[in-house]
Structure formats: C-alpha cells, structure tokens
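Coordinates in review
Chain residues, written in single-letter form:
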Amino acid sequence: PPSWLHAAWPVPVWLTATILGLWIVGTTNALNLVDGIDGLAPGIATLNAAGLTVLAIAGGELGIAVLAAATAGCALGFLRSNRHPAKIYLGDSGSMLLGFLLGAIGVVLVGRSATPTTALAVVLLGWVPLLDTGLAVVRRISSGMSPFRPDRDHIHHRLVSRGLSVRLAAGSLWSIQAVAVAGGIAIGFGAPVSPCLAAIGIVTLPLARVVLPLRVTVRVDDPRRDDVAPQRPDSEPALGAAQNRAA
C-alpha cells in the first residue's frame, strides 16, 4: 500500500494491503453489478462522485475535488443518453472504470484525512452498490452457489419483477443513494453518526420486502429467465433497453 496511507492508519502492512485490495475490487465490481437497468449505475455514480467532491473541498484537497467533480460530470453527461429508454450503455468496461475511480478517490481521501468518520462517510457514499453486492454474495452462498455465479435477483431485478417500471425502480434506488450520500456528507462535516445512520436505515428498510428471502430464484443460465425480462437479439439479458449484466 502507499506509504502515506500506511502512515495515516498504523496497522500491519499486510492488513492495510488486504483492506485496500478488497475495497478497490469491491467498489469496481459493485457499480458493475447495479448496471442492470437504464440509468441506474451512472445516476448512482454521479451522486457518489458529487459527495466525494464535497468532502474533498471541505478537507482542502482541491486536487481530489477536481478529479471527483470530473467523474461526477462524466457520469451525469452519460446519464442523459442512458436513462430509459437508453440509447447508449456503459458496458462492463465503463461501469467498472467508474467504480474503480470512485473507490480510488475514496482511498486517497481517507488516507489524507486519517479519520474514522471520513472512512465511514466514504463507505456511505457507495451505499446502494455495496449493499446490493453484499446481499448478492450472501444470497448465492446461502443458496449453495458460488458467490461469483450470476443470478437475476439483484435489488433492481426484484423491484422490476414486483411491477415497478424501469424509471421508477431506478428513481427509487437513486433516492436511497441520495439520502445515504447526504448522511455521509453530514458525518464528514461532524454531524452525530447515529441519527445519520438511522435516517439511512429508515429509507432503506422498505427494500426488505423486496430482497427477502435471501435466496436465488432465477440464475442467468436458468430457462425461466425469459419470464423475468425480454432477451436481446444477441441473447444478452436485458431489462427495458439496458444491457443487463447480472454477474
């Protein structure tokens, strides 16, 4: 790990490197996993990057703020053509690049501030993607599957299967993400942690009816997937007009 990060967080080098690696890999893939319906991933990335920009400015890290603001601008500009019905798509390379940038910016910001509250704030800025990824791992393992095996039971899949339109499903998750970003910014500015976490928990709680029970109902290679969403001509699963990578 970078020497400045290890100096900021005086823990064994191997532990710092492990946490850093898991964070970068996790954030990179988390945004890719939520890129399943039109507009969802770029909208969440915009909110995440905007939150990082505010925290960086507040901490006097103007270089980080410029990079975060540029990331937010790129995601917002892309959202214009990616909202339902989408005309262009991020693809794996686009969503994973955004996820990597957000994770890397968060690492630098936490290392420069060297405070636990900033670390918590950065985690909350990625709330929806990290929550969905964590649930996916638990769901697949509890169903006797590999955590890397694709399924079509992500939060956005279940919202659409419950009857929500693609726009409403994306908007609902944007709203939860916005509250989480606001809570993360508030914590970064020194607000009490408990009320902020309580507010995020309250707006997230309704998803319990969607994500429970935690079991895989439809795998990507399951023939029943035709009942969940129409197939693209190239056999790539899709919801609405979006390319849907459930992996």
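Quick note: structure is the one above.
Numbering of residues begins from 1 in every chain and follows the order in which that chain's sequence is written. Selection of residues for local features in this predicted model requires a pLDDT of at least 70, selection of side-chain atom pairs for listing and counting requires 80 or more, and totals for whole chains, interfaces and linings are taken over all residues. Only hydrogens and water are set aside when side-chain values are computed; all heavy atoms of the structure are taken into account.

1. Concerning the overall build of the chain
- Broken down by element type, the chain carries eleven helices and two strands.
- Per the convention used, a helix needs a DSSP run of H or I reaching at least four residues, while a strand needs a run of E reaching at least two, with both numbered from the N terminus. Reading the helices (α) and strands (β) of the chain from amino to carboxyl end gives α-α-α-α-α-α-α-α-α-α-α-β-β.
- The buried label applies to any residue whose accessible area, calculated with a 1.4 Å probe on protein chains only, is under 20% of its type's maximum; exposed applies above 50%, and partly exposed to all values in between. Buried positions account for 44% of the 247 residues belonging to the chain.
- Note on definitions: a residue-residue contact is assigned when non-hydrogen atoms from the two residues lie within 4.5 Å. Taking the intrachain contacts of the chain between residues at least 6 apart in sequence as the baseline, contacts between residues at least 24 apart amount to 72%.
- Where accessible areas are quoted, they stem from the Shrake-Rupley method and a 1.4 Å probe; at the residue level, only the protein chains shown are allowed to cover. Per element, the accessible surface of the chain, about 11300 Å² overall, is 69% carbon and sulfur.

2. Notes on empty space enclosed by the protein
- Within this scheme a cavity is a closed region of a 1 Å grid, computed over the protein atoms alone, that accommodates a 1.4 Å probe without allowing it to escape, whereas a pocket is open but has protein on both sides within 12 Å along at least five of seven lines; lining residues each have an atom within 4 Å of a point. Grid points are joined across faces, edges and corners, and a volume is the space filled by probe spheres set on the points. Throughout the structure, instances matching the rule amount to two cavities of 30 Å³ or more.
- Considered as a void within the structure, the largest cavity measures approximately 130 Å³ in volume.
- Lining the largest cavity are 15 residues, and of these T27, N48, L102, G103 and G126 lie nearest its centre.
- Counting only elements with at least two residues in the lining of the largest cavity, the list comes to α2 (13-33), α3 (40-58), α5 (91-113), α6 (116-125) and α7 (127-142).

3. Describing the nonpolar core
- In these notes, a set of buried Ala, Val, Leu, Ile, Met, Phe, Trp, Tyr and Cys residues joined through side-chain atoms within 4.5 Å is what counts as a nonpolar core. The biggest cluster of nonpolar side chains holds 41 residues, and the ones touching the most others in it are L31, L52 and L173.
- Of all the secondary-structure elements, those providing two or more residues to this core are α3, α4 (62-82), α5, α6, α7, α8 (155-161), α9 (166-188) and α11 (208-211).
- Top contributing element to this core by residue count: α3, with eight residues.

4. What about the pattern of salt bridges?
- Here, a salt bridge means any Lys or Arg side-chain nitrogen found within 4 Å of an Asp or Glu carboxyl oxygen. A full pass over the atoms with the stated rule returns four salt bridges.
- With a closest N to O distance of 3.2 Å, R112 and E61 form a salt bridge. One end of the pair, R112, is in helix α5; the other, E61, is in the loop between α3 and α4, and 51 residues separate them in sequence.
- Given the relative accessible area of 47%, R112 is considered partly exposed.
- R139 serves as the salt-bridge partner of D151, at 3.1 Å between the closest nitrogen and oxygen. Placement of D151 in the loop between α7 and α8 and of R139 in helix α7 is noted, with a sequence separation of twelve residues between them. In this structure, D151 and R139 share a single accessibility class: buried.
- Overlapping salt bridges bring together R139, R140 and D151 as one network.

5. What about the packing of α5 against α6?
- Angles here are taken between N-to-C directions and fall from 0 to 180 degrees, while the axes themselves are lines fitted to C-alpha atoms, restricted in helices to the stretch in contact. Direction vectors running N to C along α5 and α6 enclose 165 degrees, while the axes themselves pass 8 Å from each other. Considered as vectors, α5 and α6 are oriented roughly antiparallel to each other. Considering the relative orientation of α5 and α6, their crossing is right-handed. Only T118, A119 and V122 of α6 make contact with α5, whose side of the interface consists of G106, L109, V110 and S113. The cut-offs work like this: below 35 degrees is roughly parallel, past 145 is roughly antiparallel, 65 to 115 is roughly perpendicular, and the gaps in between are oblique. Helix crossings fall into two classes, left-handed where the near helix is turned counterclockwise from the far one by less than a right angle and right-handed where it is turned clockwise.

6. Description of the packing of α2 against α5
- Running from amino to carboxyl end, α2 crosses α5 at an angle of 140 degrees, the nearest separation of the two axes being 7 Å. Between α2 and α5, the crossing angle belongs to the class labelled oblique. Note that α2 runs across α5; the crossing there is right-handed. Where α2 abuts α5, its residues L20, W23, I24, T27, T28, N29, L31 and N32 lie against D92, S95, M96, L98, G99, F100, L102, G103, A104 and V107.
- Side-chain classes follow a simple rule in which Ala, Val, Leu, Ile, Met, Phe, Trp, Tyr, Cys and Pro form the nonpolar group, Asp, Glu, Lys and Arg form the charged group, and the remainder, Gly included, forms the polar group. Split into classes, the residues belonging to the contact of α2 with α5 amount to ten nonpolar, seven polar and one charged.

7. Quick notes on α4
- If you check α4, its first and last C-alpha atoms are 30 Å apart, about what 21 residues at 1.5 Å a residue would give, namely 30 Å.
- Check the buried side of α4 and you find it contacts α3, α5 and α9. Multiplying 1.5 Å by the residue count of a helix minus one yields the expected span of that helix.

8. Concerning unusual backbone geometry
- Here the amide bond leading from H84 into P85 is cis, since omega sits at -5 degrees, within 30 degrees of zero.
- Tracing the backbone shows P85 in the loop between α4 and α5.

9. Describing the environment of S113
- By the secondary structure assignment, S113 is in helix α5.
- Residues S113 and A56, spaced 57 residues apart in sequence, show a C-alpha to C-alpha distance of 9.4 Å.
- For the purposes of these results, a polar contact is taken to be a pair of N or O atoms within 3.5 Å, where, inside protein, one atom must be able to donate a hydrogen and its partner to accept one; residues adjacent in sequence count only when each atom of the pair is a side-chain atom. A polar atom in the side chain of S113 sits 3.2 Å from the backbone oxygen of V110.
- Polar side-chain contacts of S113 include one of 3.2 Å to the side chain of T118.

10. Here's the deal with the environment of I202
- Following the sequence through the fold, I202 ends up in helix α10 (residues 193-204).
- Of the residues examined, I202 reaches a relative accessible area of 62% and is grouped as exposed.

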